Amino acid sequence: MEKNTLSPKSFHFVTAFGAGGLLTLMVLCNGTLAIHGSLFFASWVPHIAGSVVALILLLALRPKRASKTRPPLWAYLGGISGGVTVMLTSATMNTALALSGTIALGLAGQVLFSLFADIRGLFGLPQRMPSGQDYLSLTLIIIGSLVLIFFGGNA
């Protein structure tokens, strides 16, 4: 009997769509928190909840430290930028951009920054010039974002 398993490519595809769905759900929840509280409240609730879950997992699993060396100081900026991102997405979700426009602009910004990081070789990664397919993907994402933002409310 042959065992049905997902190939690595289909696994990555399903995982990426799942992560996108969770991201959309997170932005919706944070925007709802911002309506009933403040942007500060909408940012702190998921961060405190995530910290509590992470601490519980660390205490339960007791993993060994991966490296004896300390991470660079810039590695700690993820928490600050994450908090600012949550506040900004919570604010924009409750405007004319709505949920789709907020997610689309966030995706466009991530892709644009990743292309910049590839070109400059940021974060210790090798420098890589983007291909035509990379630029085509960015163009399609930006066009889709503009369609959502300027014509989404009329649909």
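Up top is the structure.
This is a predicted model, so every value here is computed, not measured.

Enquirer: Sorry if this is basic, but what is going on with unusual backbone geometry here?
Expert: Most peptide bonds adopt trans geometry, and most residues besides glycine take a negative phi value. A positive phi angle is found at Arg 62, which is not glycine, with a value near 45°. Relative to the helices and strands, Arg 62 is located in the loop between helix H2 (39-61) and helix H3 (77-93). Among the residues examined, Arg 62 registers a relative accessible area of 62% and is labelled exposed. In this structure, Phe 123 takes a positive phi of about 60° despite not being glycine. Residue position: Phe 123 is located in the loop between helix H4 (98-120) and helix H5 (132-151). Given the relative accessible area of 49%, Phe 123 is considered partly exposed.

Enquirer: What am I meant to see in helix H1 (residues 8-36) here?
Expert: Residues that lie three or four places apart on an α-helix share one face, since the helix turns once every 3.6 residues. The end-to-end C-alpha distance of H1, which contains 29 residues, comes to 42 Å, matching closely the 42 Å that a straight helix rising 1.5 Å per residue would cover. All of the buried residues along H1 are Val 27, Asn 30, Gly 31 and Ala 34. Check the buried side of H1 and you find it contacts H2, H3 and H4.

Enquirer: Honestly, the packing of aromatic side chains in this entry has me stumped. Any pointers?
Expert: Aromatic ring pairs: the centre-centre distance and the angle between the two ring planes describe each pair. For the structure on display, the rule yields five aromatic pairs. A ring pair is formed by Phe 113 and Phe 116, whose centres lie 6.3 Å apart and whose planes are at 45°; its orientation type is tilted. Linking Phe 113 with Phe 116, this pair stays in helix H4, spanning three residues, or about one helical turn. Here the aromatic cluster, defined as three or more aromatic residues joined through ring pairs, consists of Trp 74, Phe 113, Phe 116 and Phe 123.

Conventions adopted
- Residues numbered from 1 in each chain as written.
- Predicted model: local features only at pLDDT ≥ 70, side-chain atom pairs only at ≥ 80, totals over all residues.
- Heavy atoms only, no water.
- Helix = DSSP H or I, 4+ residues; strand = E, 2+ residues; numbered from the N terminus.
- Buried < 20%, exposed > 50% of the residue type's maximum accessible area, 1.4 Å probe, protein only.
- Expected span 1.5 Å × (residues − 1).
- Contact = heavy atoms within 4.5 Å.
- Phe/Tyr/Trp six-rings, centres within 6.5 Å; stacked < 30°, edge-to-face > 60°.

Honestly, it's all geometry; don't read function into it.
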